[in-house]
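Chain and residue survey
Residue strings, one per chain:
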Amino acid sequence: MVPAPSMPDLQTEAMDFAEKGAKLACGSRFKRLPRLILRKLSLPVVAVIGVIWFVYAEAMAVATRWMENSVPGVVNTGVLSFNAGVGFLMYLCCVYRDPGRVPTAWRPPVLDDLETGDESGVDGGPRGRGHHGGLQELKRKGGARYCKKCAKYKPPRTHHCRVCNRCVLRMDHHCVWVNNCIGHRNYKSFFTFLFYITVACCHAFGILAGDAIGRFSGGDDDLGKSHADHRVNHGEDDSVAASVAEMAALILSLCLSVALCLLFGWHCYLVVNNKTTIEHYEGVRSRLVGPKPGDDGQAGGDGYAPSLDGVQHPYSLGARANLREILGRRVACWLAPGCSIAGDGLSFANVASMGYARWAKEKALRESELTLMGED
């Protein structure tokens, strides 16, 4: 008796078949396209896509038949479609966009007074652009941060993800719902996804709740009468299956609206403070290196801050400057679709790199660079 093929064998055969189909249809250049697309489609990702479009489809069906071709109907369907479409596009960016890799040749600046611990023997190679003034992030036991699994030094704000098995620049967290890490190169897409999909879910809930109120009012008020007349005139489906689907969409949209509002509010707090989720819970292990402060207790000749005692978060430049750092210089484009944060992800402005006086001046400069519309 021939044994049945295992699941991995079936997946391999299906992938080979899809690659052959893509090669025949689009040419050899797009041969690996199915593999690139399907390898990210985990069960949670498929579930998220299904829930988003189920709620959207039910809300659109209600809005279309409830408001018909009226101006409110056109506005509601248009706004809902725009928010859901942009949110879905940003979700795909979160799934497929690389969150940021550490360059192979990157090395921290050579600091004589830094204890390198076990990594003291690792030397050579060109330096990266990660030197960010007098602030040096450290391991828990001191010394330069070095990832033994990746065999690379870690730039500031970089962390190793055990799920992805790699180091991620400015890692915020690993999200199972996007099957990817949220890092430097896809954080803005994650933030804009939260905004647009939250607005879309709240909007869908309003549409579905209005329809549910009309159904249960039973014609006792103007809203109920309008719904009853519409069903009679247009032969609307009042089957149990349709009612159950709309009720399920209503409950899902309510739960999603609450959860997404809380999550979006949390990330607004992180953006305003220029923090990541990891930094909020674990803090930033750092110290000042380089020239020592003068005898008068002020910053030394190089302008380094004498200590970090009064600094809650060394990368925070103030609310307005933090918004500029993460969302961009043009205020009108803060919520425009986009993926990465400005910069290379290897160095970040911080309090210690310039001393308190220069930090205050840099903060004012970055805030003054905010424009409604302008060029970067």
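Right, let's walk through the structure included here. All figures in this text were calculated on a predicted structure; none of them were measured in a lab. (Residues numbered from 1 in each chain as written. Predicted model: local features only at pLDDT ≥ 70, side-chain atom pairs only at ≥ 80, totals over all residues. Heavy atoms only, no water.)

What follows is about the overall build of the chain. Counting its secondary structure elements, the chain contains ten helices and eight strands. Considering the chain as a whole, with its 376 residues, one finds that 42% of them fall into the buried category. Excluding contacts between residues fewer than 6 apart, the proportion of contacts in the chain whose partners are at least 24 apart in sequence is 70%. Carbon and sulfur atoms make up 60% of the accessible area of the chain, which amounts to about 20,100 Å² in all. (Helix = DSSP H or I, 4+ residues; strand = E, 2+ residues; numbered from the N terminus. Buried < 20%, exposed > 50% of the residue type's maximum accessible area, 1.4 Å probe, protein only. Contact = heavy atoms within 4.5 Å. Areas by Shrake-Rupley, 256 points an atom, 1.4 Å probe, with all protein chains shown as cover.)

In protein structure, a disulfide is the covalent linkage between the sulfur atoms of two cysteines. Considering all chains together, one arrives at zero disulfides under this definition. Cysteine Cys 161 remains unbridged, with the sulfur of Cys 181 as its closest cysteine sulfur at 3.2 Å. Here Cys 201 stays free of any disulfide, with the sulfur of Cys 202 as its closest cysteine sulfur at 7.0 Å. (Disulfide = S-S within 2.5 Å.)

Here the focus is the packing of aromatic side chains. The final tally for this structure, using the stated rule, is twelve aromatic pairs. Between the aromatic rings of Tyr 91 and Phe 193, the centroid separation amounts to 5.3 Å while the plane-to-plane angle is 45°, which identifies the pairing as tilted. With Tyr 91 in helix H4 (residues 71-96) and Phe 193 in helix H5 (residues 187-217), this residue pair connects regions lying 102 residues apart in the sequence. We note that Tyr 91, like Phe 193, is buried. One aromatic cluster in this structure is built from Phe 82, Phe 191, Phe 195, Tyr 196 and Phe 264. Across from the ring centre of Tyr 315, 4.4 Å away, lies the NZ or CZ of Arg 157, which sits over that ring. The ring centre of Tyr 187 lies 5.3 Å from the NZ or CZ of Arg 170, which sits over that ring. (Phe/Tyr/Trp six-rings, centres within 6.5 Å; stacked < 30°, edge-to-face > 60°. Lys NZ or Arg CZ within 6 Å of the ring centre and 35° of its normal.)

Turning our eyes to something else, we now look at the nonpolar core. Grouped together as the largest cluster of nonpolar side chains are 29 residues, with contacts concentrated most on Tyr 91, Val 178, Tyr 187, Phe 190, Phe 193, Val 271 and Leu 327. Residues within four places of Tyr 91 in sequence aside, it is in contact with Val 45, Val 48, Ile 49, Trp 177, Val 178 and Phe 193. (Core = buried A, V, L, I, M, F, W, Y, C linked by side-chain atoms within 4.5 Å.)

Every α-helix winds through 3.6 residues per turn, so residues three or four apart in the chain are directed the same way. In terms of residue burial, helix H9 (residues 319-327) counts as a mostly covered element, since seven of its nine residues are buried. Turning to H9, its buried residues number three or more, namely Ala 321, Asn 322, Leu 323, Arg 324, Glu 325, Ile 326 and Leu 327. One or two positions beyond H9, positive phi appears at Gly 328, with a value near 115°.

What follows is about the environment of Arg 145. Checked against the element boundaries, Arg 145 lands in the loop between strand S1 (135-137) and strand S2 (146-147). Take Arg 145: its relative accessible area is 7%, and that puts it in the buried class. Separated by ten residues in the primary sequence, Arg 145 and Pro 155 place their C-alpha atoms 7.9 Å from one another. Leave out the neighbours within four places in its chain, and Arg 145 touches Glu 137, Leu 138, Lys 139, Tyr 153, Lys 154, Pro 155, Pro 156, Arg 157, Thr 158 and His 159. Only 2.3 Å separates the side chain of Arg 145 from the backbone oxygen of Thr 158, close enough to count as a polar contact. (Polar contact = N/O pair within 3.5 Å; in protein donor to acceptor, adjacent residues only side chain to side chain.)

By the secondary structure assignment, His 173 is in strand S6 (residues 173-175). A polar contact is formed between the side chain of His 173 and the side chain of Asp 172, at a distance of 2.6 Å. Other than its neighbours up to four places away in sequence, His 173 contacts Cys 181, Ile 182, Phe 190, His 267 and Thr 277.

With 33 residues, helix H7 (residues 240-272) should reach 48 Å at 1.5 Å per residue; the first-to-last C-alpha distance of 47 Å fits that figure. Along H7, the residues that are buried comprise Ala 245, Glu 246, Ala 249, Leu 250, Ser 253, Ser 257, Leu 260, Phe 264, His 267, Leu 270 and Val 271. Looking one or two residues beyond H7, the residue adopting positive phi is Asn 274, at roughly 55°. (Expected span 1.5 Å × (residues − 1).)

At Asn 165, a residue that is not glycine, the phi angle is positive and equals roughly 60°. Here Asn 165 shows up in the loop between strand S4 (159-161) and strand S5 (166-168).

What follows deals with the pattern of salt bridges. Between side chains of opposite charge, a pair can form as their charged atoms come close. Evaluated as defined, the whole model comprises four salt bridges. A salt bridge links Asp 98 to Arg 166; the shortest N-O distance between them is 3.0 Å. Here the residue Asp 98 occupies a position in the loop between H4 and S1, and Arg 166 occupies one in strand S5, the gap between them amounting to 68 residues. By relative accessible area, which is 13% here, Arg 166 ends up buried. Between Arg 324 and Glu 325 there is a salt bridge, and its shortest N-O distance comes to 2.9 Å. A single burial state applies to Arg 324 and to Glu 325, both of which are buried. (Salt bridge = Lys/Arg side-chain N within 4 Å of Asp/Glu carboxyl O.)

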